[in-house]
Amino acid sequence: MTHNKDMTILEIKNLQKHFGGVYAVDGLSLKIEKGRITALVGPNGSGKSTLINVLTGLLPIDGGVVAVRGAELQYIVSQKIPDYGITRTFQNVRLFEQMPVLDNILLILTERNVFGALFERHGESHLKKAEEVLRLVGLWEKRSELAINLSYGQRKLLEIGRAYAMNSDIYLFDEPFSGLFPAMVKTVEEVFHALKASGKTIILVEHDMGLIRRLTDYVFVLDSGKLLAEGIPDEVLGRKEVVEAYLGE
Amino acid sequence: MNYILHLGTFFGIYAILGISLNLLVGGTGLIWIAHAAIFGLGAYVLALLMTKVALNFFLAAFLGMCIAGIVGCIAAWVFARLSGDYYMLASVAFNYIIVSVFINWESLTNGPLGISGISRPSLFGISFAGNESFFALTFLFLGLVYVSARLIMHSSFGRVIKAIREDEEAIRVFGYHTLLYKIMISGIAAAMAALAGALFASYIAFIDPSNFHVMESIFILGIVVVGGFASIRGSLLGALILVLLPEVLRFAGFPQDISAHMQQLVYGIVLILFMLYRPQGLIGEYKF
Amino acid sequence: MEIFAQLVANSVIAGATYTILTLGFNLIYGATRFTNMAYGVVAATGGYAFFFLTRTVGLPMIPSIIAGALFSGVVGVLTDRLIFSPLRKKNVRPSVHVIASLGAFVAIQALLSIFFGAEFWTLLPSGTVRVFDVAGASVTEVQWWIMGIAAAVSGLLFVVLRFTLFGKVVRALSDDEEVGKMLGINTDRTIGIVFFIGSMIAGLGGILVGFDTGIQPTMGLFILIEAAVPSIIGGIGNLAGGVIAAFLFGFVENFGIWFIASQWKAAIAFGLLTLFLIFKPEGIMGKK
């Protein structure tokens, strides 16, 4: 399977991100194809999470350009990423802790505009959509529970539900499977299948090679902020230099 | 009876202050020690408009709320990028600067001597000069403020404000322009505080800069602490307790010249004890 | 030209005083990582202790200075043992420490008012004071003492922090408390000692401020700002930066008064703080 240039939905051109003298992302260039599940792998410190943070505006771009659907962006503002059709989860699960599960989802569904939000109380349609999302990740029964009281796995599921509720085009999942029991892994896989069936694009940072081989269509291997290899999982993950990069960590 | 009305009126004024500060602090999760300055701004605007231009109380109060609202918005915008400690120090600086203006701009504010002769409200011939009617007016405004605060916190806006408190960076990722929300809640809180200031000025008929120092801001924060962060009802309870406290202490019979300081000592100890043993306040639920 | 020389002299003296205050503040902040709002009033207790010892007990100046500083040290370490250490053990967020320190600030200021009255006292007996002429500026003997003490204490602190084991421990703590714990340092006890030393320095600063402008219970807030502003401008944790900033602050304040009336001195200080907080919170030297 080669890369179909017309189907590029997200492109990173020569991206740089450094902290002091450390180049976390060092001249990275890659193309993400629409509708695929693409994995970002690499040893710790290879720049995967930094890349996600840059793409979602949490860290400023130091060099290079990000292009969404061909439109080039010199800088990315967090609150605008939904406008670009992007949403994400966080590696260290960032929920709205002292708020109920339901509210964590309602936030995604309600009015963004300051004045609009002031005069809006959530209604039937919001609740219906929230129920749909929460049932998908199996948290509807826990809807009144404060997020801080959920188990680790439930918290990860809530984050994934939150991203799902955004109904974006491009999903950036940062280690969504880590620490989950098999039953929950299955739930997340179902979410992924549902997203893919709707034509959404998924970018996945993940360590579990088995999951990657089973779920993803394409893999980018990063090392020290640079692109080491790319291709179909079965083909790329066995390559010598990829294995060495992991062993060397 | 007059005594109870007096306490009740003070309760009303401080409850409005507590509720408005709670919206700001309980919403954003930051410590703001300048609410007394906004309180004073409302009081001074009303006092000046009523004594120099003979403007009607209600109109003057409304103008005070508008001016304070704008000042609150500007302050929020200017201090937005500051984190916890710095934000708090900036608010102290802000309070100090505003009170400095009250003291030093003598041609306008009459400086340390203050402004006297502020009359009670009247509207279309109905006078609120009597203590009963003023108390009723205060309670009416308290009711409006209370209901507004509840509506705000139960709206989608309120949900966003709470999320900003929880994790501002994360909520932005989902498309919220958090700065605008912080500016809006600051403006609303400031307008409410100015209303309290207008009531205060009209009630005691005389104001001077010493009413609005940083200490007073700490006291208002105490109302929020005792009642509970992010709990509107808590602010009512906090105001009740902190307004009654001096009266209770009065019966302990301290000599006149130190009784005010004894009250202050007790407030300080109350703040410390609450932080040690019940940081969420009496009926607050926010877990620290 | 003489005015210029006088302003320079006054600036240097002010800078010397602020240096002392900033050093103590920086030391404690480095170990505790929250803005201790009670710092200023603890400094004031030193001034009051000196006042009590010289006026009421009749002790000579030098022992009174030492005892006054020690007294502040004790007050400071008491706030740590009674309030902040228990809070650290409960692992609460910094805001809780800050609010508790507000309570301590209010309570201690009240105690000073109760024991000494709310009015203003001068620390030095009036009468003939030796004045020296330095390039057209008048510098009193006391002001020379202030500069000498400031230099001595700064030098001593620098030596201790740089070359002693304790100093190294404190610096490790201020970099990262977790690292400190891992190294097996009894962080709680070390923080207690840091509180004692930092508060002692604060007390010394309070006495120096008292020499210059007298004492009153409300001086605590302004001392806090005088300590916090250079700390922030110099970069929190950066002692050398703090010293530079302290002198800068002294210069801006004194030359600022030349252009604007002296009653705005406080507003200048607070305005400067606000500007720095907004535009360069990481300080002149750029270290966070």
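Notes on the structure follow. Since this is a predicted model, take the numbers as computed values, not measurements.

### Comments concerning the overall build of chain B
(1) Moving on: When helices and strands are counted, chain B shows 11 helices and 4 strands.
(2) Moving on: In terms of C-alpha radius of gyration, chain B reaches 18 Å, essentially the compact-globule figure of 19 Å for 288 residues.
(3) Moving on: Out of the 288 residues belonging to chain B, those deemed buried represent 62%.
(4) Moving on: Within chain B, counting contacts between residues at least 6 apart in sequence, those at least 24 apart form 77% of the total.
(5) Moving on: Accessible surface, chain B as shown: approximately 10600 Å² in total, 69% of it carbon and sulfur.
(6) Moving on: Averaging the positions of the 13 positive and the 12 negative side-chain charges in chain B gives two centres separated by 9 Å.

### Some details on the sheet that holds strand β6 (residues 86–88) of chain A
Residue and element names in this part refer to chain A.
(1) Moving on: A sheet is described by the order of its strands in space; here 6 strands give the open sequence β6-β7-β8-β3-β9-β10, paired in mixed fashion. Of all strands in the sheet, those bounded by a partner on one side alone are β6 and β10 (226–231). Strand-to-strand twist across the sheet, computed as the mean angle between neighbouring axes with direction ignored, equals 20 degrees.
(2) Moving on: When β6 meets strand β7 (residues 170–174), the two strands line up parallel, connected through 3 bridges. By the bridge assignment for β7, Arg88 is matched with Leu172.
(3) Moving on: The strands touched by helix α9 (residues 240–247) are β3 (37–41), β9 (218–223) and β10; relative to β10, the strand with the most contacts, the crossing angle is about 135 degrees.

### Some words on the pairing of β3 of chain A
Residues and elements named next belong to chain A.
(1) Moving on: Counting buried positions along β3 yields 5 of 5 residues, so the element is predominantly enclosed.
(2) Moving on: One ladder, built from 4 bridges, connects β3 with strand β8 (residues 201–205); its direction is parallel. Of the residues in β8, the one forming a bridge with Ala39 is Leu204.
(3) Moving on: Across 4 bridges, β3 lies against β9 in parallel orientation. Of the residues in β9, the one forming a bridge with Val41 is Val221.

### Focus: helix α4 (residues 94–116) of chain C
(1) Moving on: Taking 1.5 Å per residue, 23 residues should reach 33 Å; α4 of chain C reaches 33 Å between its end C-alpha atoms and fits that length.
(2) Moving on: Among the 23 residues in α4 of chain C, 18 count as buried, and that is most of the element.

### Comments concerning the interface of chain C and chain B
When the parts come together, some accessible area is lost, and that loss is often what is quoted as the size of the interface.
(1) Moving on: Contacts between chain C and chain B engage 46 residues on the former and 39 residues on the latter.
(2) Moving on: Counting the surface lost from both chain C and chain B, the interface buries some 3700 Å², and carbon and sulfur atoms represent 78% of this.
(3) Moving on: Our enumeration of links across chain C and chain B arrives at 0 salt bridges.
(4) Moving on: Of all the secondary-structure elements, those providing two or more residues to the side of chain C that touches chain B are α3 (61–89), α4, α9 (219–234) and α11 (265–279) of chain C.
(5) Moving on: No other element matches the 16 residues that α4 of chain C contributes to the side of chain C that touches chain B.
(6) Moving on: The residue makeup of the side of chain C that touches chain B, split by class, is 35 nonpolar, 8 polar and 3 charged.

### What about the interface of chain A and chain B?
(1) Moving on: In this complex, chain A contributes 33 residues to the contact, which on the side of chain B involves 29 residues.
(2) Moving on: Here chain A packs against chain B, burying approximately 2900 Å² in sum over the two surfaces, 60% of which is carbon and sulfur.
(3) Moving on: Together, Gln79, Gln98 and Val114 of chain A form the three largest contributors to the area buried by chain A at its contact with chain B, with a combined 24%.
(4) Moving on: Where Arg94 of chain A meets Asp167 of chain B, a salt bridge forms, and the shortest distance between an N and an O atom there is 2.9 Å.
(5) Moving on: The interface formed by chain A and chain B holds 14 residue pairs in polar contact (both at pLDDT 80 or more) in total.
(6) Moving on: Counting only elements with at least two residues in the side of chain A that touches chain B, the list comes to β6, α2 (101–109) and α3 (114–118) of chain A.
(7) Moving on: For the side of chain A that touches chain B, the per-class residue count stands at 16 nonpolar, 8 polar and 9 charged.

### Overview of unusual backbone geometry
Outside of glycine, negative phi angles account for most residues, and trans bonds account for most peptide bonds.
(1) Moving on: Here Glu175 of chain A, not a glycine, exhibits a phi torsion of approximately 50 degrees, which is positive.
(2) Moving on: Tracing the sequence through the fold places Glu175 of chain A in the loop between β7 and α6 (182–197).
(3) Moving on: Given a relative accessible area of 9%, Glu175 of chain A falls into the buried group.
(4) Moving on: Within the chain, Arg33 of chain C stands out as a residue other than glycine whose phi angle is a positive 65 degrees.
(5) Moving on: Within the element layout of this structure, Arg33 of chain C appears in the loop between α1 (2–32) and α2 (39–57).

### A short note on the pattern of salt bridges
Residue and element names in this part refer to chain A.
(1) Moving on: Tallied over the entire structure, the rule returns 29 salt bridges over all chains.
(2) Moving on: Note that Asp26 and Lys226 form a salt bridge whose closest N and O atoms lie 2.6 Å from each other. With a gap of 200 residues between them, Asp26 in strand β2 (residues 22–33) and Lys226 in strand β10 connect regions that are remote in the sequence.
(3) Moving on: Asp26 gets classed as partly exposed once you look at its relative accessible area, which sits at 23%.
(4) Moving on: As a salt-bridge pair, Arg214 and Glu189 come within 2.5 Å of each other at their nearest N and O atoms. Linking Arg214 in helix α7 (residues 209–215) with Glu189 in helix α6, this pair joins segments that are 25 residues apart in sequence.

### Considering the packing of aromatic side chains
The geometry of an aromatic ring pair is captured by two quantities: the separation of the ring centres and the angle between the planes.
(1) Moving on: In total, this model carries 40 aromatic pairs over all chains according to the counting rule given.
(2) Moving on: Plain terms: the ring middles of Phe251 of chain C and Phe255 of chain C are 6.0 Å apart, the flat faces sit at 5 degrees to each other, and that makes the pair stacked. Of this pair, Phe251 of chain C and Phe255 of chain C both sit in helix α10 (residues 239–259), 4 residues apart, which is roughly one turn of that helix.
(3) Moving on: Its relative accessible area of 28% is what places Phe251 of chain C among the partly exposed residues.
(4) Moving on: An aromatic cluster is present here, built from Phe10, Tyr14, Phe39, Tyr44, Phe102, Phe134, Phe200, Tyr203, Phe212, Phe219 and Tyr267 of chain B joined pairwise through their rings.
(5) Moving on: Geometry around Phe19 of chain A places Lys17 of chain A over its ring, the cationic atom sitting 5.3 Å from the centre.

### Focus on the pairing of β2 of chain A
Residues and elements named next belong to chain A.
(1) Moving on: In this sheet, β2 lies alongside strand β1 (residues 8–19) in antiparallel orientation, the contact comprising 9 bridges. When the sheet's bridge partners are listed, Lys17 is paired in β2 with Val25.
(2) Moving on: The turn linking β1 back onto β2 is made up of 2 residues, and Gly20 within it adopts a positive phi angle of 65 degrees.

### Topic: the nonpolar core
When a protein is soluble and globular, its nonpolar side chains tend to lie buried together.
(1) Moving on: Counting residues in hydrophobic clusters, the biggest one holds 270 residues, and the most contacted among them are Trp32, Phe157 and Ile207 of chain B.
(2) Moving on: Broken down by element, this core gets its largest block of residues, 16 residues, from helix α8 (residues 178–204) of chain B.
(3) Moving on: Excluding residues within four positions of it along the chain, Trp32 of chain B makes contact with Leu21, Leu24, Val25, Ala75, Phe79, Tyr87, Ser91 and Phe94 of chain B.
(4) Moving on: Ala39, Val41, Val236 and Leu237 of chain A belong to the second largest nonpolar core, which has 10 residues in total.

### Looking at the state of the cysteines
All names here are of chain B.
(1) Moving on: Enumeration over the complete set of coordinates arrives at 0 disulfides over all chains.
(2) Moving on: A disulfide-free cysteine, Cys73 has its sulfur positioned 11 Å from the sulfur of Cys66, the nearest such atom.
(3) Moving on: Judged by its relative accessible area of 26%, Cys73 is partly exposed.

Reading the values: the criteria
- Residues numbered from 1 in each chain as written.
- Chains lettered and ligands numbered in written order.
- Predicted model: local features only at pLDDT ≥ 70, side-chain atom pairs only at ≥ 80, totals over all residues.
- Heavy atoms only, no water.
- Helix = DSSP H or I, 4+ residues; strand = E, 2+ residues; numbered from the N terminus.
- Rg over C-alpha atoms; globule rule 2.2 N^0.38 Å.
- Buried < 20%, exposed > 50% of the residue type's maximum accessible area, 1.4 Å probe, protein only.
- Contact = heavy atoms within 4.5 Å.
- Areas by Shrake-Rupley, 256 points an atom, 1.4 Å probe, with all protein chains shown as cover.
- Lys, Arg positive; Asp, Glu negative; His and termini not counted.
- Charge placed at Lys NZ, Arg CZ, Asp CG, Glu CD.
- Pairing = 2+ DSSP bridges.
- Axes fitted to C-alpha atoms, helices over the stretch in contact; angles between N-to-C directions.
- Expected span 1.5 Å × (residues − 1).
- Buried area = accessible area lost by both parts, 1.4 Å probe.
- Salt bridge = Lys/Arg side-chain N within 4 Å of Asp/Glu carboxyl O.
- Nonpolar A, V, L, I, M, F, W, Y, C, P; charged D, E, K, R; others polar.
- Polar contact = N/O pair within 3.5 Å; in protein donor to acceptor, adjacent residues only side chain to side chain.
- Phe/Tyr/Trp six-rings, centres within 6.5 Å; stacked < 30°, edge-to-face > 60°.
- Lys NZ or Arg CZ within 6 Å of the ring centre and 35° of its normal.
- Core = buried A, V, L, I, M, F, W, Y, C linked by side-chain atoms within 4.5 Å.
- Disulfide = S-S within 2.5 Å.

Fair warning: the whole summary comes from geometry, so function is off the table for now.
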